[in-house]
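Chain residues, written in single-letter form:
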Amino acid sequence: EPEVTQTPSHQVTQMGQEVILRCVPISNHLYFYWYRQILGQKVEFLVSFYNNEISEKSEIFDDQFSVERPDGSNFTLKIRSTKLEDSAMYFCASSDPTGQPQHFGDGTRLSIL
Amino acid sequence: AQTVTQSQPEMSVQEAETVTLSCTYDTSENNYYLFWYKQPPSRQMILVIRQEAYKQQNATENRFSVNFQKAAKSFSLKISDSQLGDTAMYFCAFMKRGGGSNYKLTFGKGTLLTVNP
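On a predicted model such as this, the values are computed, not experimentally measured, just so you know.

Engineer: Any chance you could explain the pattern of salt bridges here in plain terms?
Structural biologist: Where charged atoms from two side chains of opposite charge approach closely, those side chains can pair. Residue and element names in this part refer to chain A. One pass over the full model with this rule turns up five salt bridges over all chains. With its nearest N and O atoms 3.5 Å apart, the salt bridge here joins E44 to R36. Taking relative accessible area as the criterion, E44 reaches 23% and is therefore assigned partly exposed.

See the structure below:
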C-alpha cells in the first residue's frame, strides 16, 4: 500500500537555526498537509497546500513557517528561526481531491535545544 | 469553528473484551466526515475508521465500529474482542465536506486505551 514518507525521523537543532522537514506524499495525491503535535497534546493543523499554493493555514503557521513543493515528489516544511516551543512531532499528510482520508507519515520528531 | 471533545483521557480493557470510546463534536455544518485515528507508542497516525455524516448507517471495519448520532453530535468507537495491539492513543477527528481545497482535520485531545492481558 502506498505510504507517506517523512525524513528525518528525528531532528535536533539549536534554537535560532533553520530546519527543513521533508515529506514524500503518496504519488497520485495532490493535496498536502502539515500537522503538529506537542508532546502530550492533541494534533493541530498547520497548513494545507494544493496546486503550489497554501489553501489554508492556522494561527500557528506564522511568518517563521513556509512550505514548498520543490519538485514533483517532495513537500517541505521550513522553520526559519526555531524556538524552544517549536519542539514537537510534525506530521505530513496527503489526500486525493476529496480531502479524505488523509494518509499520515510516521512523523518527524523535532527537538529544539 | 469546529470543536471535538473526547471526555475520557484514559481507559483500560481486558483482552478479548469490548470497549467504547466517546467523542462529541460541535459544528454548524451539515456535510462532514468523522474519523478515528490510532496512535500507538511508535507515534504513527493510523486511520481506524471513517463516517460520512450524510450516511445514516454506522461504519464498521472488522472489530471496529462506530455509533454515529448526528442529532446528538456524538461519534463513539466500539472495539470488540480487544487485542494487546489495540493499546494506543485514539483520536477523534472532524473534517468539513466539500470545502474545496481547504481541507483540515480538527482533532480531539485523545483517549489513551490500554488493553490488559
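We are not done yet, so read on.
Engineer: How should the sheet that holds strand β3 (residues 19–24) of chain A be read in this particular structure?
Structural biologist: Sheet strands line up and pair through hydrogen bonds in the backbone, either parallel or antiparallel. All names here are of chain A. Taken together, the four strands give an open sheet; going across it, the order is β1-β3-β8-β7, and neighbouring strands pair in antiparallel fashion. At either margin of the open sheet sits one strand with a lone partner, and together these are β1 (5–7) and β7 (65–68). Taking the axes of each pair of neighbouring strands and ignoring which way they run, one obtains an average angle of 20° across the sheet.

Engineer: Where do I start with the pairing of strand β12 (residues 111–116) of chain B in this structure?
Structural biologist: Looking along a regular strand, one sees the side chains alternate between the two faces of the sheet. All names here are of chain B. Of the two faces of β12, only one is covered, namely that formed by T111, L113 and V115; the face formed by L112, T114 and N116 stays uncovered. Relative to β12, strand β2 (residues 10–14) is paired through five bridges, and the arrangement is parallel. Looking at the pairing, M11 lines up with L113 of β12.

Cut-offs applied
Residues numbered from 1 in each chain as written. Chains lettered and ligands numbered in written order. Predicted model: local features only at pLDDT ≥ 70, side-chain atom pairs only at ≥ 80, totals over all residues. Heavy atoms only, no water. Salt bridge = Lys/Arg side-chain N within 4 Å of Asp/Glu carboxyl O. Buried < 20%, exposed > 50% of the residue type's maximum accessible area, 1.4 Å probe, protein only. Pairing = 2+ DSSP bridges. Helix = DSSP H or I, 4+ residues; strand = E, 2+ residues; numbered from the N terminus. Axes fitted to C-alpha atoms, helices over the stretch in contact; angles between N-to-C directions.

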